[in-house]
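An overview of the molecular structure
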Amino acid sequence: MSMFKILYFAGCSSYTSRASDDFPAPLPISKLFPLLEEKYPGIIAKILGSCLVTVNLEYVDVPESGQISLDADEMIIQPGDEVAIIPPVSSG
């Protein structure tokens, strides 16, 4: 089965108790957060709502949870892609 990797950082890593996960690909970007919510209940409200997402080191927009994208140009996460969930960084 073809897979893609998700890397978790900071609070997201603490929430999932993991540094990374592998999921089946291809996957439309609009289905990423619902997929994570299914595996880690509560993650959208507690973590993902304030996170940035990259695919292969490029920042991407993730449609709001529950919205189905009808955009023919929607990004599709492909086998071998690397997705990173990056929580906000505080400065001091």
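Read on for a plain summary of the structure.

**Comments concerning the pattern of salt bridges**
On inspection of all chains with the given rule, the structure shows 3 salt bridges. Put simply, Lys5 and Asp22 hold a salt bridge, and the shortest N to O gap is 3.3 Å. In this pair, Lys5 sits in strand 1 (residues 3-8) while Asp22 sits in strand 2 (residues 20-24), placing the two residues 17 residues apart along the sequence. Note on Lys5: relative accessible area 31%, which makes it partly exposed. By relative accessible area, Asp22 is classed as partly exposed at 42%. For Asp21, the salt bridge is made with Arg18, and the minimal N-O distance between the two is 2.7 Å. Classification of Arg18 as partly exposed rests on a relative accessible area of 39%.

**A few points about the environment of Arg18**
Looking at where Arg18 falls in the secondary structure, it is placed in the loop between helix 1 (10-16) and strand 2. Sequence-distant contacts of Arg18, defined by excluding residues within four places in its chain, comprise Tyr8, Ser13 and Tyr40. At 2.7 Å, the side chain of Arg18 forms a polar contact with the side chain of Asp21.

**Some details on the packing of aromatic side chains**
Inspection of every chain in the model, using the stated rule, returns 2 aromatic pairs. Seen in terms of ring centroids, Phe4 and Phe23 are 6.1 Å apart; in terms of plane orientation they differ by 35 degrees. Their pairing is tilted. On the criterion of sequence distance, the pair formed by Phe4 in strand 1 and Phe23 in strand 2 is long-range, its members being 19 residues apart. Of the two residues, Phe4 and Phe23, both sit in the buried class. Ring geometry for Tyr8 versus Tyr40: centroids 6.2 Å apart, planes at 85 degrees, classification edge-to-face. In this pair, Tyr8 sits in strand 1 while Tyr40 sits in the loop between helix 2 (32-39) and helix 3 (43-46), placing the two residues 32 residues apart along the sequence. Judged on exposure class, the residue Tyr8 and its partner Tyr40 are both buried.

**Here we look at unusual backbone geometry**
A cis amide bond links Ala25 to the next residue, Pro26, at an omega of 5 degrees. Residue placement: Pro26 occurs in the loop between strand 2 and strand 3 (27-28). Even without being a glycine, Ala10 presents a positive backbone phi close to 50 degrees. Relative to the helices and strands, Ala10 is located in helix 1. Residue Asn56 is not a glycine yet carries a positive backbone phi of 55 degrees. Within the secondary structure, Asn56 sits in the loop between strand 4 (52-55) and strand 5 (58-60). Exposure remark for Asn56: the relative accessible area of 38% places this residue in the partly exposed category.

The rules behind the values
Residues numbered from 1 in each chain as written. Predicted model: local features only at pLDDT ≥ 70, side-chain atom pairs only at ≥ 80, totals over all residues. Heavy atoms only, no water. Salt bridge = Lys/Arg side-chain N within 4 Å of Asp/Glu carboxyl O. Helix = DSSP H or I, 4+ residues; strand = E, 2+ residues; numbered from the N terminus. Buried < 20%, exposed > 50% of the residue type's maximum accessible area, 1.4 Å probe, protein only. Contact = heavy atoms within 4.5 Å. Polar contact = N/O pair within 3.5 Å; in protein donor to acceptor, adjacent residues only side chain to side chain. Phe/Tyr/Trp six-rings, centres within 6.5 Å; stacked < 30°, edge-to-face > 60°.

In short, shape yes, function no, at least from these values alone.
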